[in-house]
Amino acid sequence: MTDSGLAPLPDSDRPDVTARLRDALLAASFTADGLLDLLGAPAYAALARSEIVPALRVTRGDTPLETLVRLFLLQQPVPHARVAAVLPVEEALEAGWLTRVGSDEIAATVDVRPYGGLDGEDWFIVSDLGCAVGGAGGVGQRAEGVVLGVGGASTTLAGITVRTPVAAALDLGTGSGIQALHAAQHATRVTATDVNPRALHFTALTLALSGAPAADLREGSLFEPVRDDETFDLIVSNPPFVISPGARLTYRDGGMGGDDLCRSLVQQAGERLNEGGFAQFLANWQHVAGEDWQDRIRSWVPRGCDAWIVQREVQDVTQYAELWLRDAGDHRADPAEYQARYDAWLDEFEARKVKAVGFGWITLRKTAAAEPSVVVEEWPHPVEQPLGETIRAHFDRVDHLREHDDAALLEGHFRLAAEVVQEQVGLPGAEDPEHVVLRQHRGMRRATKVDTVGAGFAGVCDGTLSAGRILDAIAQLVGEDPVLLRDRTPAQIRLLVEQGFLEPLA
């Protein structure tokens, strides 16, 4: 299979060769852990920065693992005899995984990168040459139709996805198949779509080489390949969300004006979800002069869906343009051409009155609730991945709070979440702190100020006593009217539950 300016791809219909290749890679410890052990942390980290010299120095020996790293990750020609000692070389040549170069050397036709699953699985992501090392910045100017390997966006989406067993999952814009590979571990049926037929071929290779079940692969943009009567329990997408003038690069540029592609994706997802199903996306959105960005994103949420939208980063338009010009390798081009492209980006933003661009996560959940919950927040702080369980638990707590009025809340039992600590802030020697902070060390790693009643309440929540009984005891301890305390505390309890500091018990 070929694309203009891109190399032919290995045969995806040779399961015998793919199985033998996988066995050989695993036998040589060509895995994420094996790679780290061989290279060491500095050379391993340098690969993510597109620097291969440290890895080249470490792999100057002739062990099977060094041979494979040079061949598939560093794209160095290797003598035929060394490759033949590790891989079924003739079959791999015939199937197109390898090619002959020079007088007696072998080169890889694709990147093959070891990738560890969330539960320690040993997988392999197959992508275009040069696109695994360093992610999106690994090679020079990008060819249209190129398919990238594992990058930060891919691993972020994989980490935030809710991983419960489902019947049907959909990966929109599958690329090299990373999300489809994850979904195959907990979905009975996986459908993967992409506008780029080359990407679908790579997805088939990634799934086969990783020993995963095949997916239903369909060519087309967004939901176009999905039948009108099809619905899913999980939809994931790392779409071509870059807001750019034109659609020069298929893997990143959506081809619609501004953030319309992300808006369309989110708005159309609701009717494709089964009740209780999740849709999870990475997205960019415009910050437009005179417009609240949170209101803009809220308007995207389809009817009948709860939503949790987290803005992780904001860049002004100059930073944003420079990031993606470098991603495409345009900074290495002729200076006049680079300046012209930069001008085109700024012209586009100026015409749309865009001052900055936000990046973040969007999670939808189909609900039958009369009043769906839509939470939009900015959280640029460090988090603990994977977050899939944290996100699922957020929506469980939304259900609980929606179903319990204040009286029912006081009858309920709660437990302090794991690894929550209390910090007291005040002047040295002062009898009482100025304020008390509860801080999470897991998940979103939130921190929130509470008063002394809130801190005391949270501290004794072990599921034994109801919330009302705890408040009565606190009222007696501090000499306050228990009725007044019961009246004013539920709002604080709701906040602590909503943010994950307290877990409601059935």
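Residues numbered from 1 in each chain as written. Predicted model: local features only at pLDDT ≥ 70, side-chain atom pairs only at ≥ 80, totals over all residues. Heavy atoms only, no water.

1. Let's talk about the overall build of the protein chain
Each helix and strand counted, the protein chain has 19 helices and 19 strands in total. Of all 506 residues assigned to the protein chain, the portion counted as buried reaches 51%. For the protein chain, the accessible surface area stands at approximately 22,200 Å², while carbon and sulfur atoms represent 50% of it. Each charge class in the protein chain can be summarised by its mean position, and for the 45 positive and 74 negative side chains these summaries are 1 Å apart. (Helix = DSSP H or I, 4+ residues; strand = E, 2+ residues; numbered from the N terminus. Buried < 20%, exposed > 50% of the residue type's maximum accessible area, 1.4 Å probe, protein only. Areas by Shrake-Rupley, 256 points an atom, 1.4 Å probe, with all protein chains shown as cover. Lys, Arg positive; Asp, Glu negative; His and termini not counted. Charge placed at Lys NZ, Arg CZ, Asp CG, Glu CD.)

2. A look at the nonpolar core
One recurring pattern in soluble globular proteins is that nonpolar side chains are buried together. Counting residues in each nonpolar core, the largest one holds 77 residues, and the members touching the most others are I235, F281, I362 and L364. Tallying contributions element by element places strand β10 (residues 273-288) first for this core, with 8 residues. Once residues within four sequence positions are removed from consideration, I235 is found in contact with L170, L172, F223, A269, R272, L273, F278, A279, Q280 and F281. Ranked by size, the runner-up nonpolar core spans 41 residues in total, among them L74, A95, F202 and L205. (Core = buried A, V, L, I, M, F, W, Y, C linked by side-chain atoms within 4.5 Å. Contact = heavy atoms within 4.5 Å.)

3. Considerations on the sheet that holds strand β1 (residues 78-79)
Read across the open sheet, the 3 strands follow the order β1-β3-β2; overall the sheet is antiparallel. Pairing within the sheet leaves two strands with one partner each, and these edge strands are β1 and β2 (98-101). Summarising the sheet, β1 and strand β3 (residues 105-108) pair through 2 bridges and their orientation is antiparallel. In the strand pairing of β3, V78 is matched with I106. (Pairing = 2+ DSSP bridges.)

4. Some details on the packing of aromatic side chains
Taken as a whole and judged by the stated rule, the model has 12 aromatic pairs. Ring centres of W285 and W293 lie 6.2 Å apart, and the angle between their planes is 0 degrees; on these two criteria the pair is classed as stacked. Using a relative accessible area of 0% as the deciding quantity, one classes W285 as buried. By relative accessible area, which is 13% here, W293 ends up buried. With a centroid separation of 6.5 Å and 55 degrees between ring planes, the pair formed by W345 and F349 is classed as tilted. Of this pair, W345 and F349 both sit in helix α13 (residues 335-351), 4 residues apart, roughly one helical turn. Members of the aromatic cluster, each reached through a chain of ring pairs, are F241, Y320, W324, W345, F349 and F359. Looking at R446, its charged tip hangs above the ring of W379, at a distance of 5.4 Å from the centre. (Phe/Tyr/Trp six-rings, centres within 6.5 Å; stacked < 30°, edge-to-face > 60°. Lys NZ or Arg CZ within 6 Å of the ring centre and 35° of its normal.)

5. Examining the confidence of the model for the protein chain
On average, the protein chain scores 93 in pLDDT, and the residues at 70 or more come to 95%. Considering only residues more than four positions removed or in separate chains, one finds that residues 134-141, a stretch of pLDDT under 50, has 24 contacts. (pLDDT = per-residue confidence, 0-100.)

6. A few points about the pattern of salt bridges
According to the stated counting rule, one finds 31 salt bridges in the structure shown. Linking R392 and E389 is a salt bridge whose minimum nitrogen-to-oxygen distance equals 2.4 Å. Of this pair, R392 and E389 both sit in helix α14 (residues 388-403), 3 residues apart, roughly one helical turn. Classification of E389 by relative accessible area gives exposed; the value is 51%. Across the pair E480 and R488 runs a salt bridge, and its minimum N-O distance is 2.9 Å. In this structure R488 comes out as partly exposed when scored by relative accessible area, which is 41%. Salt bridges sharing common partners tie together R189, D216, R218, R227, D229 and E230. (Salt bridge = Lys/Arg side-chain N within 4 Å of Asp/Glu carboxyl O.)

7. So, the packing of helix α16 (residues 452-460) against helix α17 (residues 467-478)
In helix packing, the relevant descriptors are the interaxial angle and the interaxial distance, both defined with respect to the helix axes. The geometry of α16 relative to α17 is characterised by a closest axis approach of 10 Å and an angle of 125 degrees between their N-to-C directions. What the angle tells us is that α16 and α17 run oblique. Relative to α17, α16 is oriented so that their crossing is right-handed. Residues V453, G456, F457 and V460 of α16 form the contact with α17, whose own contacting residues are A467, I470, L471 and I474. Partitioning the contact of α16 with α17 into residue classes produces 7 nonpolar, 1 polar and no charged. (Axes fitted to C-alpha atoms, helices over the stretch in contact; angles between N-to-C directions. Parallel < 35°, antiparallel > 145°, perpendicular 65-115°, else oblique. Left-handed = near helix turned anticlockwise from the far one by under 90°. Nonpolar A, V, L, I, M, F, W, Y, C, P; charged D, E, K, R; others polar.)

8. Describing the environment of R14
Relative to the helices and strands, R14 is located in the segment before α1 (15-27). Placed 78 residues apart in sequence, R14 and A92 show a C-alpha to C-alpha distance of 9.9 Å. Discounting chain neighbours no more than four positions away, the residues touching R14 are E94 and A95.

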